Each structure stands twice: as C-alpha cells, then as structure tokens.
Amino acid sequence: MIPVRLEIEGLYSYREKQTVDFEQLTAAGLFGIFGAVGSGKSSILEAILLALYGSTERLAATGERSSMVNLQSEQLLINFRFRAGKSNAQTYLARYSAKRNKKNGEKIDTGEHVFYAWENETWQATTQKAEEILGMGKEHFKQTVIIPQGKFREFIDQKPLERAEMMQQLFGLERFDLSMKNGILLKATREEKIRLETQLGGLEEVSEEALAEKNKSQSELKSQSETADQNLKTAETELRKLESRRKSFLLLQELSETLEQLHSRKAEVEEKRQLHREFITAKTHLRPVWDRLQDAKSDLEKYRVSALDCERFKETYEKEIAELEAEEQELIRKNEQRPEREAKIRDLKKVIEIKEMEVKAAESARTLETRQPEIDSKKASQKLLETEIQNLENQLDQLPAANANLLSELKTSAAQLQTLAERNQELQGQLNQLAQGEASQSQALEAIKNQIPEDAQSLDTWLLSEKTRLESLELDREKLLRKQGLAVHAHLLSDGEPCPLCGSATHPSPLQAEAENVLLEEKEKQIQKAKETLDRISALIQNQKIEESRLETLLQNKGEKASELQKLQEQKTALAENLAKLGIRDKSDLAAKIHELVQSGDQREALTKNIQTKRKAWQTERETLEKSEKSLQQAQLSHQALVATIQSKQQEIRDPTFCKGFFPKTGDIILASIQNVERDIETAIESLRGKQKHLQAKRAEQSKNLADIEQYKRLALESESKVAEFGTQFERLKQTHGFLDEAALIRLFHHSLDAEKVDLEIRQFDQKLATTESRIAELKGEEGVSSYSEAAFLETQSQTLLLQSQATELQNQLILLRQDIKTLSENLEKKKELTKAFAAVENRESNLKELDRLFQGKGFVKFVSSIYLRELCNTANQRFRMLTKNSLSLEIDDSNTFWVVDYLNGGKKRLLKTLSGGQTFQAALCLALALAEKVKALNQAEQSFFFLDEGFGALDRSALRVVFETLKALRHENRIVGIISHVEELQQEIGVFAQIELDPDLGSQVSYSF
C-alpha cells in the first residue's frame, strides 16, 4: 500500500480541513511528520485507520464517535487516496464521514464508510473493503504497515501461539492445513479398496484354462465355415453365368420391339428432312438480301419526311431572330445611362452619412455640457476623505501596541490546561475499567480451571490422556474394518470346498457382517465422542492462553495508564509555574488577561480596518475621477472630429442641386430611393445578358436547321439507289435457287421452324436405327442366348440361396465364439489389473493413515508457521547485528519464542525481554522492517510503505544515528519510510517533512519543508 493524499476535517484537533500530500513526501523515500506534543501528529495515522477500517486506535467508531469529533466542528470527514493491489497498480479512495445530530449536538450520527476505485478515468464505487484490498486486517496492518503509539513492541510481546496465528492469517498458511483433505482421501481410499475386493470377487471364474477351451472350439468351427464358403463360391459362379445369358435374352426381345417402332416413323422423318433443306437454303442465300432491300425502302421514306419538316422550320426561325434583335437594341440604349445614375446614388449615400454625423455631433455637445459638474463634485468628495483618514491615523497612534506573542502563548496554555484536565478524567475512567477487566479475566481463568477433571493435573495432561485413548479406539476400528472386508467374501464359502483366502476346507464359524457392522458403528461413535472431547480440550487450552494474554495486556495497560497520569500531573505543575511568572494564579486570572489582550487587539484591528476601508474608497474615487477627466477629453476630440468630417462630406457631393431636396427627408426614405434605382440598374443588365444569350441560341438553331435540309436531301438520293440495286439482286437469286413463287418464299422466311432441333432429331433417328440393327445382330451371335431356359435359371438360384444360408449360420456362430473369447481375455486382463490396483490401494491406505496421524491438531500448519518465523528472524538479524555492532542477534526456538544471543558473554542465550529500552526498540524495528518486506514480496509490489510513530526518544545520540542511517539505507531497497516524532535531532537530519502546529483558533495546521 502506498499513500497518495489524505484530507482530514473535524478529527480531534483538526478543526478545519487539512491536506497531507503524501506524493511529494513519499517521493523522497524517507520523510518525517514533526510537531510538538499534542499538535496532532499521531492523529494522521488514526485518520488513515479510520478511513480504511472504520475505527481508530484510541476510540471505536460507534459508541465513542462523539469524542473523536472536534468540539467546534459540525462533521467529521476523511478522504484517503492510496495505491494497492499487485505492484500497487490500482488507485483507491477510502472515505469516512459522520455528522452531528441536528436535534442533539452532543450526539454523532452513524458514520458513512465507502470505498471507490479509479476506473475508466472516474471514481467507481466498490464493494471491496480494506481487508480485501490490502489483504490484511486492522491488527496486522498496525504491525506491518502503520505502527501507532504504544503498539511498536506488540509483535515482540505476543505469546508464541498468538505470533504463530498472526503468521498464519497474514500469509494465508491455512492452506497447509491438510488434515481434512487427508481424511477425505483416506475415506475414498478405503471405499476404493472395498470396491476392488467386490470386483475381484465377480471375476473368480475367469481363468487361463477356460480361455484355452474356447480357442479350441473356435478352430473346429472355422474349418467348417471355410468348406461351406468354398461350395457357395462355386454355386455363385454358375448363377452369374445364367444371369448374364438371361440379361442378353431380355435385351434382344426389347431391341426387336424398338426396331419395329423405328421402321413405322421413317416416312415422317423423310418429310421433315426435305422441309429442313429448303428452309436452310432460303435463310442462308435469299433472306439477307431481302432484309437489306426492306431497310433501304424504310430509310428513303424517313429522309423525305425529315426534309419537308426542316423547310417549314426555316421561316419560323427568321421571324423570331428579327424580333429578338429589336429588343436587344432597346436594352443596350437603356444600359448606356448607367454611369450617370450611379453618380447620383453615391451623392445620396453621402447625404445619409452627413445626417447621421449631425445627430452624433448634437449628442456629443449635450454630453460635454453635463460631465464638467460631475468632475467638480468628485474632487470635493476626495478632499473630505483625505481629512477623515488623517483623523483615524491620529487615533491609532494614541492606542498602546498589541503583544501578539503573549496572547498566543496564553491561549495555548489555556488549551493545554483544558486538554490535560480532560485527559486526566479520561485516564481515571480507563484505570477503573482496567481494574474491572482484571477481575473479570481472573474469574474467566478460574472458570476454565474448574472444568479440568479431578484425575488430571492440568489441561495438557488431560489432553495427552485423551489422545492416547483416541489412538486405542482407532486401532480397534481398524481391526473391525479388516473383518468387515473379509465378511464380503463369506457368501462364497461352501461346505467341502476350500476357502479362496486361506484354502481351508472346513469353515467352523464364518464372519457375520451384521454383527461386525454394529460393533463398527459403536466404535465410530466412541471415536467421534473422543474427538469432540479433544476439540473441547484444545478450545479450553486456546481460551486459557487468550485469557492469560488478555490479563497480561490489561496489567501492562494499567501500568502504562498510571505512568501517563503521573506525567500529566507533572506537565500541569510545570504549566502553572510558567503562568505564575506572568502574575497569573488561576484560570480566572488567565481568562481575564486573555480578554484584556484580545479587547486591545480588537480596537486596533477595528481602526486599522476602518483606515484601510477609507483609503480604498479614496483610491476608488481617485481612479473614477481620472477616468472621468480622460473621458471628457476624448468626448471633446470626438465632437471636433465629427464637425470636420461633416464639412468634408458636404464638399464631396457632385450634384448639390439634385441632393438639396433630399436633406429634409429621413434616412429610410433616401435609402429606399437608392435601393429602387440600384435594382432597376441590375435588372437592365441582367435583361440584356439574357436577351443576348437567347438570340445567340436561336441563331445556332437556325444554322443547324439549314444544314439538316441539305443532309436529308443527300441521304434520300442515296437510299433510292440502294433500293434499285437490292431489288435486282433479289430477283437474280430467286431464279438461281428455284424459288419461282415469291409469296411462298416470303412465307418460308416467316416460318417458325427450329432448324437446329429438327436437324438433331433427324440425326438421332438415323443413329438409333443403325445402332439397334447392329446390336440385334451381336446378341443373336452370342452363345446360349437363343437356347436360354428360365426354369434352369430358377433352379440354380434356389440352390445358391440354400448354400448361402448355411455359410451365414456358421459365420454367425464363429463371430459369437470370437466375442466370447475377446470378453474372456478382457476380463482376464482386468483381473490382473484389479489385483495390481488392490495392492497399490492397500499401500496408499497405509501411507494416508501415517499422514493422518501427522496432520492432527494443525501440526503441519504450525511447522510451516515456524519456518516463516525463522525466515523473518534471519531477515531481521541482518539489520539487528549492524545496529548492535555484531554484539547481539535474534533466535527463535521450536515453541516460537524469541531469544537473544549475547556475543559479548560467550554467545549465551537470554530472553528478549531482558534487553534495555533502546535495544528493544532496535529489535522491534528490525522485526517490523522484516515483516513489511515479507508482505511486500507477498503482494508482488515494487515499493513498500512503512510508517513508524514511536520509540526514538528512548535512544541515545549514537544509537539514534545508527537507526537513522539504517532508515536512510532503506531508500536503496525501494522502500518508503515515514517517521512521526518530536525529537529535534531527527528533524535536522530529514530534509523532507510535514510540520504539524496547533493553532488555538484554527486547530492543527499542516505545512511542508518544500
């Protein structure tokens, strides 16, 4: 997780909205958050916890909300933007808000806690919570990412069991709890064993001897089948010969009938042959010449009619062109007057401009008459303001100077007294609660001890005896399961026959499955009850450790609260001594002094503000006066320019006499006259252009008509020549090809005969006739066709079918026998595989039983957790040895308890609790950094973030220097480290930091070193 931006409003001392820009702070790799005690430094971490998890370190988010909201704020609002996920690639916004109740101001309404994800360039609401986004709960977050005050040594002070559970939850080691999975596998293996035994019992009759007997029967049946197949092939050969002769005989009869039908159609085909020959001759030689003759006659008529039409159009074109030429001359004369009319239009436009300028000049003169009195009035008002400002400044000089530093110190002291009193009351209440909790925890531990049986000295001895009893019950159950497996084969026993398992011929007392099942069920119930007892004992042990840990934590917190209460009293005494030096004996004197200083400051501030207001008014009026004088000068210049322009425009008019009558008229009337003349000029121009274009088109049409007359006359003469030529050629062709009757020839031209189809029919008839006669001759020459007998064919066919039935029956018997042999072989192979699988299952069952013993009580999870803790210890030692100059190192034993190896005393071991305060801080820092590094690797992030709020005050200068160098070196490991402290030496060493200052009126204020 990498913080980006934090906005705080209304939390503890943050009265106004403040923003912590983490992007610039984290860019330095190592940054600090500094400020005096009580300035609000630690509240930044509390705000992050509240935004992420909905509660703070000191107060809960429900019943104690009213204590976390600033007394002078109406709402609590926290917006925390951060990056998280794989490689910290996803940006999120955590928002927490709560408001005061409108009816009861002392009560805070239920807070709103939501998360947003930055997707598609916008904030999208998400149902994910901090646990899912960050992959850890609040308690682990406080031990690996953000470590608040009083929680830095929590990881060291944890009980071994709590420490192991933390590693399990933080790194998801529950995945190594394989006891349930192993139990499922063991149950499945036992079921598989019973299934294999049942299948082997069903294959008892399968043997090599039965397979050999079946193979012998197959050989005999195969010999009989081969003899029958040979007889069938001989009969089928004879039948195929008779079928061929029968086919030829039937075909001969069919072709004879076809030949008779062809001879009956021969006369009709010859008639079609003659018609086809004449049609082809006429179409090929005479039809093309006749078609050209008809086309020539049609063209001759068309050209004669077109020539007559063009002669009529010639007179019409001459008349229209004469009229258009006269109209063109009239329009040319009208357009020659255009320059004179345009000059008058220009004069009228100048008349309009002169009239508009005269109106502006009159308005300008009136403006000049009114502006001068306004300027004189403003000058008098400005002199009056100058006198008032001088009087106020004299009053301010007579007041005593304000002491802002003293006022600030007194307000800070008043706030500190109030804070100390509230904290004192709060600590007294917490001490009372801790005393009650101590009594409650002692009662809980006594209740747990009362549940131990009288024959057991402790929970551990009780647990050991129950485990021994459970192992005995499981051995008894295993024996019953073996008997139950043997009982499956009891139904196979017969008097006088050997047992399939032991080979005995006598069976005095076969196993009864029902009796064994009853015993097995009873044993299972006893085992289940024993396991429940073990679980209850484990739960009691766990609860005892938890209660002991809670009691120890309560006692430790009680001592810390008492120590803090004593420090508060010392601070209160020191503050009272400082106030006594200023002559202040109690809170009433302090309030009176603050009121006196505030009242004096308010008077000076009121006079100062009044002077500033007057000066601002004087400046405003001065600027207004300058603008008015400047505007007057511009108006005078504008008026003179208008008068000069009017005189110039009057001199530019070319026809004053014509324009004189328009000066009394309005501008709209003059403009309308100008527009009418302009439209008349444009109309004349457009009319002349259109008339000339029309005249040109008519002349072109006249020229084309004259050319068409000559063209049509020439084409008519050419068509007459073609008609004579084609007529002579057609008569000559009729004589040549013997077509003397022209009417009959014309009918032949229009005949609907399909020449290609008729020709195809004639050729097909000729071909079919020749083929039929040839095929009949061939069939009559084949052997046996003429002497074919249908009765002999039917007798041979019947004998062949009988032989075929016999061969099929033998073949079916052979197939069934082969299938039996195949099934027997497969079952024999299956029996071998089942026997092999049964041996493997027995071996697997033995192994799973051993694993079940090892996985009981989460033994494997605890083993993996201890490995993670050793790796964590090794990583922490790399820094701890450097911080202690190789004099100390950390070790962890099999019970997950931390020890210290003291190399200055011969490498002897001692408990971690024996370290001094500074050494304990160094050890806790190294372990916290190592834990953060593991979390970074778990999240596959390039950067990791670590925030520390405590401990530096317990170090001397030398140790502080070593720790600081260690923290600076983390930047090279792509880590981001934040430090909250009031130690001045750290502030001098860290260049990038945020400064928190508590303002008596505004609350905590954030500033930066950059």
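The coordinates are above.
Residues numbered from 1 in each chain as written. Predicted model: local features only at pLDDT ≥ 70, side-chain atom pairs only at ≥ 80, totals over all residues. Heavy atoms only, no water.

Another point: the pairing of strand E5 (residues 90-99). When you tally the buried positions in E5, you get 7 out of 10 residues, the bulk of the element. As paired strands, strand E4 (residues 75-84) and E5 are joined by 10 bridges and run antiparallel to one another. Bridging from a neighbouring strand, Ala84 pairs with Gln90 of E5. What sits between the antiparallel neighbours E4 and E5 is a turn of 5 residues, in which Gly85 has the positive phi angle 90 degrees. (Buried < 20%, exposed > 50% of the residue type's maximum accessible area, 1.4 Å probe, protein only. Helix = DSSP H or I, 4+ residues; strand = E, 2+ residues; numbered from the N terminus. Pairing = 2+ DSSP bridges.)

Here we take up the side chain of Thr796. Tracing the sequence through the fold places Thr796 in helix H20 (residues 790-855). Residue Thr796 is classed as buried on the basis of its relative accessible area of 16%. Setting aside anything within four residues of it in sequence, one finds Thr796 in contact with Glu238, Leu239 and Leu242. (Contact = heavy atoms within 4.5 Å.)

Positive phi outside glycine occurs at Glu121, with the angle close to 60 degrees. Here Glu121 lies in the loop between strand E6 (112-119) and strand E7 (122-126). For Glu121, a relative accessible area of 66% translates into the label exposed. In this structure, Lys885 takes a positive phi of about 55 degrees despite not being glycine. Mapped onto the secondary structure, Lys885 falls in the loop between helix H21 (859-883) and strand E9 (888-892). Overall, Lys885 belongs to the exposed group, its relative accessible area being 65%.

Turning next to the pairing of strand E3 (residues 30-35). For E3, the tally of buried residues reaches 6 of 6 residues, placing the bulk of the element in the interior. Burial of E3 is two-sided: the residues Leu30, Gly32 and Phe34 facing one way and the residues Phe31, Ile33 and Gly35 facing the other way are all buried. Pairing of E3 with strand E13 (residues 975-981), which is carried by 5 bridges, proceeds in the parallel orientation. Residue pairing for E13: Ile33 is matched across the bridge by Ile980. As paired strands, E3 and strand E14 (residues 993-999) are joined by 4 bridges and run parallel to one another. For Gly35, the partnering residue across the bridge sits in E14 and is Ile996.

Moving on, we come to the environment of Ala188. Within the secondary structure, Ala188 is located in helix H8 (residues 179-202). A sequence separation of 657 residues divides Ala188 from Glu845, and the C-alpha atoms of the two residues are 9.5 Å apart.

This brings us to the packing of helix H9 (residues 208-264) against helix H19 (residues 755-781). Put simply, H9 and H19 touch, their axes get as near as 9 Å, and they point 145 degrees apart. Crossing of H9 against H19: the hand is left-handed. Taken together, the residues of H19 that come into contact with H9 (itself represented by Ser248, Leu251, Leu252, Leu255, Ser256, Thr258, Leu259, Leu262 and His263) are Phe765, Lys768, Leu769, Thr772, Glu773, Arg775, Ile776, Leu779 and Lys780. Residue classes in the contact of H9 with H19 are distributed as 9 nonpolar, 5 polar and 4 charged. (Axes fitted to C-alpha atoms, helices over the stretch in contact; angles between N-to-C directions. Left-handed = near helix turned anticlockwise from the far one by under 90°. Nonpolar A, V, L, I, M, F, W, Y, C, P; charged D, E, K, R; others polar.)

Applying the stated criterion across every chain yields a total of 5 aromatic pairs. Here Phe82 and Tyr92 contribute two aromatic rings whose centre-to-centre distance is 5.7 Å and whose plane-to-plane angle is 25 degrees, an arrangement assigned as stacked. With Phe82 in strand E4 and Tyr92 in strand E5, this residue pair connects regions lying 10 residues apart in the sequence. A single burial state applies to Phe82 and to Tyr92, both of which are buried. Ring pairs connect the aromatic residues Phe80, Phe82 and Tyr92, which therefore count as one cluster. (Phe/Tyr/Trp six-rings, centres within 6.5 Å; stacked < 30°, edge-to-face > 60°.)

If you look at the biggest cluster of nonpolar residues, it comprises 49 residues, and the most contacted ones within it are Leu6, Leu52, Phe82, Leu134 and Phe141. Considering each element in turn, this core owes the most residues, 9 residues, to helix H2 (residues 42-53). (Core = buried A, V, L, I, M, F, W, Y, C linked by side-chain atoms within 4.5 Å.)

A few words now on the sheet that holds strand E2 (residues 18-21). Hydrogen bonds along the backbone pair up the strands of a sheet, which may run parallel or antiparallel. Judged by pairing direction, the sheet is antiparallel, and its 6 strands sit side by side in the order E2-E1-E4-E5-E6-E7 without closing on themselves. The sheet terminates laterally at E2 and E7, the two strands that pair on one side only. Across this sheet, the average inter-strand angle for adjacent strands is 20 degrees, counted without regard to direction. Two elements, E6 and E7, share 5 bridges in a ladder whose sense is antiparallel. Along E7, the bridge assignment pairs Phe115 with Thr126. Packing of H2 onto the sheet brings it into contact with strand E1 (2-9), E2, E4, E5 and E6, and relative to E4 it is tilted by some 80 degrees.

Here we take up the packing of helix H10 (residues 266-335) against helix H17 (residues 667-737). The contact between H10 and H17 brings their axes to 5 Å, and the two run at 160 degrees. Comparing their axes, H17 and H10 come out roughly antiparallel. For the crossing formed where H10 meets H17, the hand is left-handed. Considered class by class, the residues forming the contact of H10 with H17 number 29 nonpolar, 13 polar and 22 charged. (Parallel < 35°, antiparallel > 145°, perpendicular 65-115°, else oblique.)

The terminal C-alpha atoms of H19 lie 40 Å apart, and with 27 residues this matches the ideal 39 Å at 1.5 Å per residue to within 8%. What H19 keeps buried is the set Ala755, Val758, Ile762, Phe765, Leu769, Thr772, Ile776 and Leu779. Considering only its buried residues, H19 is in contact with H9 and H10. (Expected span 1.5 Å × (residues − 1).)

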